[in-house]
Amino acid sequence: SMFINRQQLFFRRWTSSESGITEAMRFLLNKGYNQKVVNGMLKAFPSSPSLRELQQLGSVGIQELAKAVAKEIERAEKFKAAKDSELSIHITIPHHHTHFSCKAHKGETFLELTQRYADLKSYLECSCGGIAACSTCHVVVDPEWFSQLPPPDESELDMLDLAYGVTPTSRLGCQIKFDKSMDGLKVILPEFSNDLYYAP
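First things first, this report covers the structure right here in the doc. Please read all numbers here as calculations on a predicted model, not as lab measurements.

Reading guide: rules and limits
- Residues numbered from 1 in each chain as written.
- Predicted model: local features only at pLDDT ≥ 70, side-chain atom pairs only at ≥ 80, totals over all residues.
- Heavy atoms only, no water.
- Pairing = 2+ DSSP bridges.
- Helix = DSSP H or I, 4+ residues; strand = E, 2+ residues; numbered from the N terminus.
- Axes fitted to C-alpha atoms, helices over the stretch in contact; angles between N-to-C directions.
- Buried < 20%, exposed > 50% of the residue type's maximum accessible area, 1.4 Å probe, protein only.
- Arc of directions from axis to C-beta.
- Polar contact = N/O pair within 3.5 Å; in protein donor to acceptor, adjacent residues only side chain to side chain.
- Phe/Tyr/Trp six-rings, centres within 6.5 Å; stacked < 30°, edge-to-face > 60°.

Further remarks concern the sheet that holds strand β2 (residues 98-105). Pairing between the strands of a sheet comes from backbone hydrogen bonds, and it takes one of two forms, parallel or antiparallel. Taking strand neighbours across the sheet as the criterion, the five strands line up as β2-β1-β5-β3-β4 in an open arrangement whose pairing is mixed. A strand with exactly one partner marks an edge of an open sheet, and here the two such strands are β2 and β4 (170-172). Sheet twist, expressed as the mean angle between neighbouring strand axes with direction ignored, is 35°.

A few words now on helix α2 (residues 35-43). Those residues of α2 lying buried are Val 37, Val 38, Met 41 and Leu 42. Buried residues of α2, seen end-on, are gathered within an arc of 135° and therefore sit on one face of the element. The distance from a side-chain oxygen at the start of α2 to the backbone nitrogen of Lys 36 is 3.0 Å, and the residue carrying that oxygen is Asn 34.

Let's shift gears to the packing of aromatic side chains. Taken as a whole, this structure holds two aromatic pairs when the rule is applied. Plain terms: the ring middles of Phe 110 and Phe 178 are 5.2 Å apart, the flat faces sit at 70° to each other, and that makes the pair edge-to-face. Taken as a pair, Phe 110 in helix α5 (residues 110-116) and Phe 178 in the loop between β4 and β5 (185-188) lie far apart in primary sequence, 68 residues in all. Here the two residues Phe 110 and Phe 178 agree in accessibility, since each one is buried.

Take a look at the structure:
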């Protein structure tokens, strides 16, 4: 019947298409491309490519396509890794009745945040460039968070002795290296800072 013929025609087209994908995929895998790159290369075509369509690209065309796909995969993975390592830092400035949040990445400190956030830069000078030789990045850590941070070393404690309005939970912002466990960290910025650092 006409219905059965249509079904058979559809089935032939479907199996032919599937066979083409398998052949094309095998062809690319045999050239040494990994599965992720091969999948990306096949998706670059408007419809599933046949082996013949791939071969028409020629060796140089296939190499260029593979490079472009690999680059895009790397960019997407870096973006995902950056998103996965992102955390929020909450900053309160009582003397200006304001607060805001910054997005930080694993391994950064408040020094890197001042380079990205102009609002923060106007409160935290980080005069020494992050070498714990001044106290212009003095922050007061929320008591609930203070015990969760790695302890300060001797040089940081020495500088904190010179900080304005030091408290039991004071830290130098440039010495707090963020990690995922600090997502949601809360700090207060003091009204003044003592800038006793002079570059040689």
